[in-house]
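Topology and contacts: notes
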Amino acid sequence: MSYRKLEVWQVSREIVIEVHKMSLQLPKFELFEEGQQIRRSSKSVKSTIVEGYGRRRYKNEFIKFLVYAQASNDETIDHLETLFETGSFTDEQTFISLKEKIDLLGRKLNRFIQAVEEGHVSVK
């Protein structure tokens, strides 16, 4: 199975695209500050899921990278909230929609980590 079939990867991909589009609406000074940070953290979620999946033969490695992805997802929420709270991003509908998707991804990652912890068998 390809990592592309993982629901957590699919949702993270959608978020990366939406965050990228949102970041292009930011004031010029934010494009290289919070804008760059939120793009990086959202891309890190997706990439780290892929890297963890590549190490899935080893349960602890797989879990470690999924936890890293979850941490990057939390970082993405923090950047989004900072942008909104400081007034650099003012589209409330997009903010709410994106925050809900990022929160949903966090819950999905948490459940995926639990499933791997409970049911994954490493290659010996």
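Here, the structure is the one placed above.
Let us look at the structure shown here. In this text, all values refer to a predicted model and were calculated from it rather than measured experimentally. (Residues numbered from 1 in each chain as written. Predicted model: local features only at pLDDT ≥ 70, side-chain atom pairs only at ≥ 80, totals over all residues. Heavy atoms only, no water.)

Some details on the environment of alanine 115
Tracing the sequence through the fold places alanine 115 in helix α5 (residues 92-119). Along the chain, alanine 115 and isoleucine 63 lie 52 residues apart, while their C-alpha atoms are 10.0 Å from each other. (Helix = DSSP H or I, 4+ residues; strand = E, 2+ residues; numbered from the N terminus.)

Side note on the pattern of salt bridges
Throughout the structure, instances matching the rule amount to seven salt bridges. We note a salt bridge from lysine 64 to glutamate 61, for which the minimum N-O separation is 3.4 Å. Separated by three residues within a single helix, lysine 64 and glutamate 61 lie in helix α4 (residues 59-85), roughly one turn from each other. Each of Glu51, Arg55, Glu61 and Lys64 takes part in one network of salt bridges that share partners. (Salt bridge = Lys/Arg side-chain N within 4 Å of Asp/Glu carboxyl O.)

Some details on the nonpolar core
Core analysis: the largest hydrophobic core is formed by 27 residues, its most contacted members being Met22, Ile49, Leu80, Leu105 and Leu109. With sequence-adjacent residues up to four places away left out, leucine 109 is seen in contact with Val8, Val45, Ile49, Ala69, Gln70 and Asn73. (Core = buried A, V, L, I, M, F, W, Y, C linked by side-chain atoms within 4.5 Å. Buried < 20%, exposed > 50% of the residue type's maximum accessible area, 1.4 Å probe, protein only. Contact = heavy atoms within 4.5 Å.)

Re the packing of helix α1 (residues 7-23) against helix α3 (residues 34-54)
Between α1 and α3, the shortest axis-to-axis distance is 9 Å and the interhelical angle comes to 165°. Viewed along their axes, α1 and α3 adopt a mutual orientation that is roughly antiparallel. The element α1 and its partner α3 pack so that their crossing is left-handed. When α1 is examined against α3, the residues Val8, Trp9, Ser12, Arg13, Ile15, Val16, Val19, His20, Met22 and Ser23 are found in contact with a partner set consisting of Gly35, Ile38, Arg39, Ser42, Lys43, Val45, Lys46, Ile49 and Val50. Considering only residue class, the contact of α1 with α3 consists of ten nonpolar, five polar and four charged. (Axes fitted to C-alpha atoms, helices over the stretch in contact; angles between N-to-C directions. Parallel < 35°, antiparallel > 145°, perpendicular 65-115°, else oblique. Left-handed = near helix turned anticlockwise from the far one by under 90°. Nonpolar A, V, L, I, M, F, W, Y, C, P; charged D, E, K, R; others polar.)

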